[in-house]
Protein chains: 4
Amino acid sequence: MGGNTFGKIFTVTTFGESHGAGVGCVLDGCPAGVPLTIETIERELSRRKPSGTSAASTTRREADIPEILSGVFEGQTLGTPIAILVRNQDQHSTDYDTLRDVYRPGHADWTWEAKFGRRDHRGGGRSSGRETVGRVAAGAVAKAYLAKFGVSIQGWASSIAGIEVPQDDGFDMDFAEKNPLRVPHREYAEKIRQKLEALRAEGDSAGGIVACSISGVAAGLGEPVFDKLDAVLAQAMLSIGAAKAVEFGSGFASADSVGSALNDQFEHPSGVLKRPAPPPVGNSGSPFRTPPAGKSLNTLCVPVKYATNNAGGMLGGISTGMPIEFRVAFKPVPSISKRQTTIDRKGDIRELSIEGRHDICIVPRAVSVVEAMSALVLADMMLFNSVNC
Amino acid sequence: MGGNTFGKIFTVTTFGESHGAGVGCVLDGCPAGVPLTIETIERELSRRKPSGTSAASTTRREADIPEILSGVFEGQTLGTPIAILVRNQDQHSTDYDTLRDVYRPGHADWTWEAKFGRRDHRGGGRSSGRETVGRVAAGAVAKAYLAKFGVSIQGWASSIAGIEVPQDDGFDMDFAEKNPLRVPHREYAEKIRQKLEALRAEGDSAGGIVACSISGVAAGLGEPVFDKLDAVLAQAMLSIGAAKAVEFGSGFASADSVGSALNDQFEHPSGVLKRPAPPPVGNSGSPFRTPPAGKSLNTLCVPVKYATNNAGGMLGGISTGMPIEFRVAFKPVPSISKRQTTIDRKGDIRELSIEGRHDICIVPRAVSVVEAMSALVLADMMLFNSVNC
Amino acid sequence: MGGNTFGKIFTVTTFGESHGAGVGCVLDGCPAGVPLTIETIERELSRRKPSGTSAASTTRREADIPEILSGVFEGQTLGTPIAILVRNQDQHSTDYDTLRDVYRPGHADWTWEAKFGRRDHRGGGRSSGRETVGRVAAGAVAKAYLAKFGVSIQGWASSIAGIEVPQDDGFDMDFAEKNPLRVPHREYAEKIRQKLEALRAEGDSAGGIVACSISGVAAGLGEPVFDKLDAVLAQAMLSIGAAKAVEFGSGFASADSVGSALNDQFEHPSGVLKRPAPPPVGNSGSPFRTPPAGKSLNTLCVPVKYATNNAGGMLGGISTGMPIEFRVAFKPVPSISKRQTTIDRKGDIRELSIEGRHDICIVPRAVSVVEAMSALVLADMMLFNSVNC
Amino acid sequence: MGGNTFGKIFTVTTFGESHGAGVGCVLDGCPAGVPLTIETIERELSRRKPSGTSAASTTRREADIPEILSGVFEGQTLGTPIAILVRNQDQHSTDYDTLRDVYRPGHADWTWEAKFGRRDHRGGGRSSGRETVGRVAAGAVAKAYLAKFGVSIQGWASSIAGIEVPQDDGFDMDFAEKNPLRVPHREYAEKIRQKLEALRAEGDSAGGIVACSISGVAAGLGEPVFDKLDAVLAQAMLSIGAAKAVEFGSGFASADSVGSALNDQFEHPSGVLKRPAPPPVGNSGSPFRTPPAGKSLNTLCVPVKYATNNAGGMLGGISTGMPIEFRVAFKPVPSISKRQTTIDRKGDIRELSIEGRHDICIVPRAVSVVEAMSALVLADMMLFNSVNC
């Protein structure tokens, strides 16, 4: 494996270069019987698409029409590999001819070439964010699987260009999906929009933070030791281009706290802290194993609550039943029209101003990728968990 | 696999509970011919050991005498699995009888039981930090392997109990290894010691940050897409108990920056930016493949430099040749003697004051674990890289 | 993973149902810089195709036009995933409507449904031999990689319908590729053809044996213990539909022999049995690691020879440098027009006569699949080997 | 991984050289709650041990006292890695000094050195059959797990030294476990004993065939495509030293048969061929998922029967519910006291007569290894299956 496969049981392999024939994925290990239509995948892909009118986005229009090549029959998954292909369109490949021999600062052009001895220079080739089309398509399938268990995943832009969205009265998660910046705050969405327009005018770009909250995951999910739930989520998040950091629950702030403040205390919900009677059929304790159809996993779980969630929903790498919460930092888009000095393959100095159509902040579009990777981690972990308890 | 194996080629499997017969590891995929003695392993284990006199540490004395059970013959690795066993000693198991039925806040007691339906409650069983003995032993082997290529790994405590060590004139990396707190600053080591003693007196505990710098890694290491070098390091770091966050290079600060400031600019070292002539033997471009014995990988690498290292030594998940730099946040030790309210297996409320011998800050001992996991990631990646280019 | 991926480093994932949109594969881990054109893949696919005029084959004509979706740029592999798609054509899906509710004897219809609770009944869905299109396409890439090292793989039909091809004067390997039955013997090809025509007239089908010889593999390839070269080849061969047995070297006959007869004795080629001087650069002994470009691996190998090859080219799961030789038994095609009694989904008895267009002996077409799987095993092992020595 | 790990979920890693400190295994992925005592492991190890009085065995006495280092608490598995160590004893290492520089014909001495550049020459090092101690110990755990589901595995010697045990009236499976040759036929056991004594007198050795039958496996087990149940069993069997061939069901004889004879016809057991009502809790069809405690998996399965079992219990790589049946051919022990000519590390010709204590036929001891590997395959597949349907 060249690192293009993720997961152990519910595994996704993505393929494709930015300006090749297409991008896509093969999903193996998805159980049979999950309802799946092309619309499910289209919906998620449209959330990832650049919004031509957004302050943050490229004006490249990507039709992104997915085709399911295999694994689905009469509206349900077969248990066989689900291959999904999205053909590349609107490929202004010649736009990139000038980049054939130049290494863009902040991009993977040079490191890629150091590793492989060659690269497809057109639009970044496989190091392009376009690779995430395959992730989002696969994530759509994972979400469909998770929906059976009442697990839902919600990401949003919690900070862009240094402007952090406050969790005050204006905070409105519904609004996040209604504006192309994915900012859950009408007032701050406008502030951020103005800041991004200003940066665009300067030929510069911005970074930001995607926050994510996952609800409906019962206690007991995750493999302790190396495959802790947070550890695998951390890999998933840092595998997204431009991600530079991740923190769970109180994260870096934990380091400055003390045990008596940070330990989440158990609550005592209505005197029912005993383990429930075991489910009637062959279940040695894990609520993930055989949830009744249509019921949230949480309803099966030992009804312990915690007063706080500094842990971000995980202790010892295993879910606590509280929402799983984390934040991912993304660096500014490295493609800027401001003039930079760089080198070319001959070692000569070159002045570079990247004029192509590019995002100036990846955060709004990264929301769907963070969610997709979360869904892939959870689906894989839930399947894995079902056998390990 | 139940998540107790790490790596793809240079793989380590750890085993053992805190108060069982022993802890250890089996390392598979280590090439033949690496010089290895028991002293190499003992040296790293001693760095992980609690220092009975340290402000941060438990007074539990762990002899931690490793035995190599296999894979080494006449002072060199055989290419076969290297099994290392450290028997448990000084097991005051009865100390833990009171914890059989009580879930400690901030620990994995309850989540572990939610997952497996049972646990070895003695000293946290397998969720104990004692599991990292196997990691550190394996990391010692990985370091021995990496030493052949001039790769060196240095971790230190960069912040403890809210006191951040400044990178001023007093900063002295040599001092880090000379004090049990692993603080590279004589003055701040004393400040931190005093703070920890105060917390101990209060029955409380502290968190902190381990910083790590890896030098000698040439450009071109890492698998783009899911197994980005930073992504795999992120998993490795978050797999350490009590780790809550990780950031690479400028990390979270990247999110607030702009592209023109954050992009590391290429430097032009003495006009030699051309790719070097390919090495004489069967090498399609990767400097990792066949480094001349005794030479740093860096010397083989295209001599590009960067003016800054905001990227933390990686772009697109592939090493740039600059030092790999990251920071890991650890939460305060959850075991505190301050009184806490918790529940027991019957769902009854219990008052809990954890009087056992425990660390009050894990950060100094975590330094060796951060290094060990880094070494395991790099050894695995270097072997993997050698075939993928 | 649902078992649709093969290999550890050079990994292939196949996808597709017989009558879905298409079949294909994603190959991950192929090194960069392997010359690859669509013609290379077409050539192998054409060897797998049914020959409409052959006594053994279905009259279904499969155009089998492959498209490389990714991973190849300007005629060379990029080191990124190589996705290959072959769209399904000539799908007489309605031919299969009668099979929706009936389980064909000797087929996987019922077991598939027992496992997944559903199936795509059209043409066997994913259990169809059409899945091997993806294998053969991937094998073509593996062969292109192996060609760089002088490894070549040759399979042939050594027995069909109970008629074994003798290794007498008429044995002519060149002839194997010139007749659709892949029989390397003009006289026996005709005998077999007549036998098959007779079976077709009776509405029956035939089995047979594919033999395979791999030359150019130096000594030292294979992972001892679980991933012995023969063990992995055995999995690869039994993973081909209808394969029922495999034997290496003297195979089953070994069981009846004695040690003094079966041990292959070393030969003493011209007094040069010493290990050669180690290659000049960083090589701890394995000839697979850094073969000079353009040279057969064998030329690097310790020049030991064996007088015989009862071992089939492997000892202790590691190649000896002698040709790797094995034979795979295939059962008769289960689809026969002879009337059979079976059951349907309701449990009612049904009379069944399978009139569709089907092969009556799979052996001639299986030759290319045996070769493809061999190539995938060897490519993966060679890459793996390069890091483990 | 250097090929010392087997399985995907229920994974075993073995370690150890024949004359190192010890041999053993680490088992990861075994569910929590499996009853396990040291006696369970001792019992299987004793079946593997050489019987000092047997015609076939070495006179080396191996105490083989296993120690469970981890993963078991209060008589049950914890869900954590189970490490088992068997220290080496009775190591007449100096017996092997003469073999330091000589390559024994038929052994892996030379190939091992070609691969790794070195070896532990004492008793074959890791290529010794002693490595199977770890497999048998792990297999004992797997059997304990399988016992919960009513799966049982029975191997026996079906042919030794060219003498095939007939399935006539004298065939008595109970007798197999009562004689050290594992021959299920009192009369033939004696015939074979005499033949082996004669071979021993001549300084020669014998091969043979182990047959194995697995009952209690319901229909629906196995991953189609690459991880077919028979494919994985084939790898498992060929991974045993000295194994040269494997066949399933009718095996090689299938190749000479015709479809109408080989297809196993469905039987119609008492009109109940409908799928049973789905189990009450969240089960999409697979009988492996949630078997009622204490019930055979078979009782959950669609009650289809087959009139014959030419398929050996698998179709399309998935179990049919019929017994899984296969045969494994082992070559004669290569260590013979008859004089052989070989070479040494200097390339000089050497006369060699291997006088050490060695088995002259491995088949009787291989029975327990065949069973152990079968158990490991089935346990892994059953866990894997539970998530993939």
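For the structure, see preceding data.
These notes cover the structure that comes with them.

What counts, and at which threshold
Residues numbered from 1 in each chain as written. Chains lettered and ligands numbered in written order. Predicted model: local features only at pLDDT ≥ 70, side-chain atom pairs only at ≥ 80, totals over all residues. Heavy atoms only, no water. Salt bridge = Lys/Arg side-chain N within 4 Å of Asp/Glu carboxyl O. Helix = DSSP H or I, 4+ residues; strand = E, 2+ residues; numbered from the N terminus. Buried < 20%, exposed > 50% of the residue type's maximum accessible area, 1.4 Å probe, protein only. Contact = heavy atoms within 4.5 Å. Pairing = 2+ DSSP bridges. Arc of directions from axis to C-beta. Least-squares fit on C-alpha atoms with pLDDT ≥ 70 in both. Buried area = accessible area lost by both parts, 1.4 Å probe. Polar contact = N/O pair within 3.5 Å; in protein donor to acceptor, adjacent residues only side chain to side chain. Nonpolar A, V, L, I, M, F, W, Y, C, P; charged D, E, K, R; others polar. Axes fitted to C-alpha atoms, helices over the stretch in contact; angles between N-to-C directions. Phe/Tyr/Trp six-rings, centres within 6.5 Å; stacked < 30°, edge-to-face > 60°.

1. Details of the pattern of salt bridges
Link 1 in the chain: Across all of its chains, the model carries 99 salt bridges over all chains by this definition.
Link 2 in the chain: A salt bridge links Asp 101 of chain B to Arg 345 of chain B, with the shortest nitrogen-to-oxygen separation between them at 3.7 Å. Taken together, the positions of Asp 101 of chain B in the loop between β7 (82-87) and α2 (109-116) and Arg 345 of chain B in the loop between β17 (340-343) and β18 (349-352) put the pair 244 residues apart, joining distant regions of the chain.
Link 3 in the chain: You can call Arg 345 of chain B partly exposed: its relative accessible area is 36%.
Link 4 in the chain: If you follow the salt bridges from partner to partner, you end up with Asp 101, Arg 104, Asp 109, Glu 113, Arg 119 and Arg 345 of chain A in one network.

2. Quick word on the environment of Ile 362 of chain A
Residue and element names in this part refer to chain A.
Link 1 in the chain: Note on placement: Ile 362 falls in the loop between β18 (349-352) and α8 (363-387).
Link 2 in the chain: Given the relative accessible area of 22%, Ile 362 is considered partly exposed.
Link 3 in the chain: Between the C-alpha atoms of Ile 362 and Ala 245, which are 117 residues apart in sequence, the distance is 15 Å.
Link 4 in the chain: Residues in contact with Ile 362, not counting those within four places in the same chain, are Phe 330 and Val 333.

3. A short note on the sheet that holds strand β9 (residues 163-164) of chain A
Link 1 in the chain: Reading across from one edge, β9(A)-β8(A)-β10(A)-β16(A)-β11(A)-β11(B)-β16(B)-β10(B)-β8(B)-β9(B) is the order of the ten strands in this open sheet, with antiparallel pairing throughout. A strand with exactly one partner marks an edge of an open sheet, and here the two such strands are β9 of chain A together with β9 (163-164) of chain B.
Link 2 in the chain: Examined bridge by bridge, strand β8 (residues 152-160) of chain B and β9 of chain B share two bridges and lie antiparallel to one another. Its bridge partner being in β9 of chain B, Ser 159 of chain B is matched across the sheet by Glu 164 of chain B.

4. Overview of helix α1 (residues 38-48) of chain C
Link 1 in the chain: Along α1 of chain C, the residues that are buried comprise Thr 40, Ile 41, Glu 44, Leu 45, Arg 47 and Arg 48 of chain C. Along α1 of chain C, the residues classed as buried sweep out an arc of 155° about the axis, all on the same side.

5. Quick notes on the relation of the copies chain B and chain D
Link 1 in the chain: Structural alignment of chain B on chain D gives an RMSD of 0.0 Å, achieved by rotating through 180° and translating 0.0 Å along the axis. The transformation relating the two chain copies, once decomposed into turn and shift, fits a two-fold axis. No C-alpha of chain B lies nearer the rotation axis than that of Val 26 of chain B, which sits 3.9 Å from it.
Link 2 in the chain: An overlap of 100% is found between the interface residues of chain B and their copies at the interface of chain D, pointing to a shared contact surface.

6. What to know about the relation of the copies chain A and chain B
Link 1 in the chain: Take chain A, turn it by 180°, move it 0.0 Å along the axis, and it overlays chain B with an RMSD of 0.0 Å.
Link 2 in the chain: An overlap of 100% is found between the interface residues of chain A and their copies at the interface of chain B, pointing to a shared contact surface.

7. Looking at the interface of chain A and chain B
Link 1 in the chain: At the interface, 116 residues of chain A touch 116 residues of chain B.
Link 2 in the chain: For the pair chain A and chain B, the summed buried area comes to about 8,500 Å², and 62% of that belongs to carbon and sulfur atoms.
Link 3 in the chain: Where chain A meets chain B, there are two salt bridges.
Link 4 in the chain: Of the charged contacts, one joins Glu 223 of chain B and Lys 115 of chain A as a salt bridge, the two residues approaching to 2.9 Å between their closest N and O atoms.
Link 5 in the chain: There are 33 residue pairs in polar contact (both at pLDDT 80 or more) connecting chain A and chain B.
Link 6 in the chain: Per-element accounting of the side of chain A that touches chain B gives the leading share, seven residues, to helix α2 (residues 109-116) of chain A.
Link 7 in the chain: Taken together, the residues of the side of chain A that touches chain B sort by class into 53 nonpolar, 40 polar and 23 charged.
Link 8 in the chain: Across three bridges, strand β11 (residues 243-248) of chain A lies against strand β11 (residues 243-248) of chain B in antiparallel orientation. Pairing of Ala 245 of chain A across the sheet is with Glu 247 of chain B, part of β11 of chain B.

8. So, α2 of chain A
The α-helix winds at 3.6 residues per turn, so residues separated by three or four positions along the chain end up facing the same way.
All names here are of chain A.
Link 1 in the chain: In terms of residue burial, α2 counts as a mostly covered element, since eight of its eight residues are buried.
Link 2 in the chain: Of all the residues in α2, the buried ones are Asp 109, Trp 110, Thr 111, Trp 112, Glu 113, Ala 114, Lys 115 and Phe 116.
Link 3 in the chain: Immediately downstream of α2, the backbone of Gly 117 shows phi near 80°, a positive value.

9. Description of the interface of chain B and chain D
Link 1 in the chain: Across the contact, 46 residues belong to chain B and 46 residues belong to chain D.
Link 2 in the chain: With both chains or domains summed, chain B and chain D bury close to 3,300 Å², and 57% of this area falls on carbon and sulfur atoms.
Link 3 in the chain: The interface formed by chain B and chain D includes four salt bridges.
Link 4 in the chain: Of the charged contacts in the structure, one is a salt bridge between Arg 100 of chain D and Glu 74 of chain B, with a shortest N-O distance of 2.8 Å.
Link 5 in the chain: At the junction of chain B and chain D, the tally comes to 14 residue pairs in polar contact (both at pLDDT 80 or more).
Link 6 in the chain: Those elements giving two or more residues to the side of chain B that touches chain D turn out to be β2 (11-15), β3 (22-28), β4 (66-68), β6 (76-77), β7 and α2 of chain B.
Link 7 in the chain: The greatest single-element share of the side of chain B that touches chain D, amounting to four residues, is contributed by β2 of chain B.

10. Notes on the sheet that holds strand β1 (residues 5-6) of chain C
All names here are of chain C.
Link 1 in the chain: Read across the sheet, five strands follow the order β1-β2-β3-β7-β4 without closing on themselves; strand pairing throughout is antiparallel. Two strands in the sheet have a free side with no partner beyond their single neighbour: β1 and β4 (66-68).
Link 2 in the chain: Sheet strands in contact with α1 are β4 and β7 (82-87), and its direction is about 150° off that of β4.

11. Focus: the environment of Gly 203 of chain C
All names here are of chain C.
Link 1 in the chain: Structurally, Gly 203 is set in the loop between α5 (186-202) and β10 (208-215).
Link 2 in the chain: By relative accessible area, Gly 203 is classed as buried at 7%.
Link 3 in the chain: For Gly 203 and Asn 309, which are 106 residues apart along the polypeptide, the C-alpha to C-alpha distance reads 41 Å.
Link 4 in the chain: For Gly 203, the residues in contact, after removing those within four places along its chain, are Ile 336, Ser 337 and Lys 338.

12. Some remarks on the packing of aromatic side chains
Link 1 in the chain: Enumeration over the complete set of coordinates arrives at 42 aromatic pairs over all chains.
Link 2 in the chain: For the pair Trp 156 of chain D and Phe 171 of chain D, a centre-to-centre distance of 6.1 Å together with 80° between the ring planes defines the contact as edge-to-face. One end of the pair, Trp 156 of chain D, is in strand β8 (residues 152-160); the other, Phe 171 of chain D, is in the loop between β9 (163-164) and α4 (173-176), with 15 residues separating them in the sequence.
Link 3 in the chain: Here Trp 156 of chain D falls in the buried class, since its relative accessible area comes to 10%.
Link 4 in the chain: Counting every residue linked through ring pairs, the aromatic cluster contains Tyr 103 and Trp 110 of chain A together with Phe 266 and Tyr 306 of chain B.

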